[in-house]
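# Descriptive structure summary
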Amino acid sequence: MYNAICAFLLVLASPFLLALSFGRKYKVLLSDELGNSRIPNKNSKISSKNSRISNENSRIPSKNQPKNSILARFFLLNNPALKPCDFHFHACSLGEVSTIEPFVKALQKEAKSVRITVCTATGYARAREFCDEVAFLPFECFLPFWLKECKTLVVFEAELWLNLFACAKKQGAKVILLNARLSQSSLPKYRRFLRYYKTLFSYCDLVLAQSKSDAKRLEAIGAKNIKVLGNVKSALLPRPSKKLSSNYEHIIVLASSHEGEEKGILEFLRLKKGEQLIIAPRHPQRFSAVCELVRGWAEQNNYSSQCFSKNADLKAQVVVMDSLGELINIYAIADTVILAGSFSAGIGGHNPFEPASFNCGIISGAFFHNQKVLYSAVKGIKIASDFRSAALLAHEKFSSQITQSCDFNDILEQIKG
């Protein structure tokens with residue numbers, strides 16, 4: 001019955017999905033997301049003006065590459081089933097894929113076969129950097145015949161797809177939900193579909209929760225056999241891939257910013273002598289727009305400005321980080337980080353562990369409900385009530401430190417069973 005409903009919904013949505021996938025707007029967005037201006041359309045290429053991401057930092061392997069996630073996920077175009085394996089990891093997008101990388105590599109060193117499924121183009125690109133068997137996770141109705149056997153399925157965080165769990169379990173896999181979380185604000189929404197989640201968790205053998213609070217909420221929607229091991233993101237923090245340098249005395253970073261947050265901070269921020277501002281937008285498709293916004297603001301205030309992808313250096317007083325894979329390198333030299341995604345209610349904050357691992361001073365907005373567990377494990381985060389307060393705090397010199405972390409080997413042993 002569930003498969004029939006999914007198939008019916010797909011049929012209804014097909015005209016919209018096809019129109020979207022072949023539309024120029026989607027192709028430009030995909031080109032921006034992948035850092036690749038060679039995504040085909042009837043005009044053979046998209047203007048490079050709309051694709052400013054450095055190819056060096058967003059390498060996309062060409063072998064069997066599904067460039068259009070909509071066609072790959074909803075119509076299986078260039079998205080064949082992966083081979084049977086020992087471990088199947090499913091993670092949604094770029095950040096989640098980066099988090100599972102050390103676990104995948106550890107299993108590969110033990111000669112275990114590993115495959116990865118993802119939902120986004122950036123997640124696909126990142127996964128292909130360290131794993132040969134990568135595909136987009138198809139829509140639910142395709143999974144009964146698309147999904148091949150694995151010994152263990154590891155699903156990351158909140159990717160709760162019923163057929164993924166059910167099909168893997170029916171094929172004899174051990175099913176693990178890794179880094180599981182459920183915020184208090186989201187709990188009522190999940191309870192509306194309690195029967196769905198109780199059914200889903202009946203196919204799940206082990207839930208590795210981020211905190212006791214998460215465990216309690218997950219239990220309320222049907223999760224069983226829950227173990228609290230902490231947040232996986234604290235187990236093995238990423239290291240800089242290269243050393244960047246800046247001649248400025250105080251480096252301020254606006255990190256993982258969303259629409260409206262750059263404008264809000266820039267309205268109140270005025271750089272002092274010796275201060276540098278680096279802005280790293282969260283989504284690649286916004287790079288061009290943020291570059292334009294920052295260029296105008298810098299001109300009005302007589303600051304030099306640049307987009308990193310054009311010069312690959314940090315000489316200007318204001319720099320837009322319009323290249324993927326550089327944020328950790330920026331944190332390594334930063335003094336103060338304004339951690340965005342926290343100044344409006346709809347996002348819920350971002351991971352503070354990465355800047356805290358370099359003892360950066362962290363400034364956050366008040367809306368970090370999706371990251372409360374991580375925030376509680378970092379000492380020294382300053383909470384700003386609005387953009388004005390955040391801009392004023394940015395001039396201060398202070399530090400933040402991680403006070404709680406979990407053990408990588410502990411988590412790996414749970415995955416290996």
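Located above this text is the structure these notes cover.
Read on for an overview of the structure.

The rules behind each value
Residues numbered from 1 in each chain as written. Predicted model: local features only at pLDDT ≥ 70, side-chain atom pairs only at ≥ 80, totals over all residues. Heavy atoms only, no water. Disulfide = S-S within 2.5 Å. Helix = DSSP H or I, 4+ residues; strand = E, 2+ residues; numbered from the N terminus. Buried < 20%, exposed > 50% of the residue type's maximum accessible area, 1.4 Å probe, protein only. Polar contact = N/O pair within 3.5 Å; in protein donor to acceptor, adjacent residues only side chain to side chain. Contact = heavy atoms within 4.5 Å. Pairing = 2+ DSSP bridges. Axes fitted to C-alpha atoms, helices over the stretch in contact; angles between N-to-C directions. Right-handed = clockwise from strand over helix to strand, strands pointing away. Phe/Tyr/Trp six-rings, centres within 6.5 Å; stacked < 30°, edge-to-face > 60°. Lys NZ or Arg CZ within 6 Å of the ring centre and 35° of its normal.

## Some words on the state of the cysteines
The tally for this structure, following the rule as stated, stands at one disulfide. There is a disulfide in this structure between cysteine 291 and cysteine 307, and the S-S distance comes to 2.4 Å. A residue pair is termed long-range when its members are at least 10 positions apart, and cysteine 291 in helix H12 (residues 287–300) and cysteine 307 in strand S10 (residues 305–307) qualify at 16 residues. Here cysteine 291 matches cysteine 307 in class, with each residue buried. With no disulfide of its own, cysteine 92 lies 4.4 Å from the sulfur of cysteine 119, the closest cysteine sulfur. Among the residues examined, cysteine 119 registers a relative accessible area of 10% and is labelled buried.

## Remarks on the side chain of histidine 88
Along the chain, histidine 88 falls in strand S1 (residues 85–90). Look at histidine 88 and you get buried, because its relative accessible area is 1%. A polar side-chain atom of histidine 88 sits 3.1 Å from a polar atom in the side chain of arginine 115. In terms of polar contacts, histidine 88 uses its side chain to reach the side chain of threonine 117, at 2.9 Å.

## Considering the side chain of glutamate 157
Mapping glutamate 157 onto the fold places it in the loop between strand S4 (150–156) and helix H7 (162–170). Judged by relative accessible area, glutamate 157 falls into the buried class, the value being 6%. A distance of 2.9 Å separates the side chain of glutamate 157 from the side chain of asparagine 179, its partner in a polar contact. What glutamate 157 contacts, discounting residues up to four positions off in sequence, is Glu96, Leu177, Leu178, Asn179, Ala180, Arg181, Gln210 and Lys233.

## Observations regarding the sheet that holds strand S7 (residues 226–228)
Read across the sheet, seven strands follow the order S3-S2-S1-S4-S5-S6-S7 without closing on themselves; strand pairing throughout is parallel. If you trace the sheet from one side to the other, it starts and ends with strand S3 (134–136) and S7, each paired once. Taking the axes of each pair of neighbouring strands and ignoring which way they run, one obtains an average angle of 20 degrees across the sheet. Bridging between S4 and strand S5 (residues 174–180) involves five bridges; their strand directions are parallel. When the bridges of S5 are listed, valine 154 appears paired with isoleucine 176. Together, strand S2 (114–118) and S3 form the strand contacts of helix H5 (residues 121–128), whose direction differs from that of S3 by roughly 170 degrees. Contacting S5, strand S6 (206–209) and S7, helix H10 (residues 212–220) runs over the sheet at an angle of about 165 degrees to S7.

## Quick notes on the pairing of strand S8 (residues 250–257)
Of all eight residues that make up S8, eight are buried, and the element is covered over most of its length. After leaving S8, the chain enters helix H11 (residues 261–268) and then returns to the sheet as strand S9 (residues 275–281), a path that is right-handed. In this sheet, strand S12 (residues 336–339) lies alongside S8 in parallel orientation, the contact comprising four bridges. Its bridge partner being in S12, valine 253 is matched across the sheet by valine 337.

## Some thoughts on the packing of aromatic side chains
Applying the stated criterion across every chain, the model contains nine aromatic pairs. Between phenylalanine 343 and phenylalanine 387, the ring centres sit 5.1 Å apart and the planes meet at 25 degrees, which makes this aromatic pair stacked. Separated by 44 residues along the polypeptide, phenylalanine 343 in the loop between S12 and helix H15 (353–356) and phenylalanine 387 in helix H17 (residues 387–393) bring together distant segments of the chain. Among the aromatic residues, those joined into a ring-pair cluster are Tyr190, Tyr196 and Tyr197. Lying across the ring of phenylalanine 398, lysine 382 places its NZ or CZ 4.4 Å from the centre.

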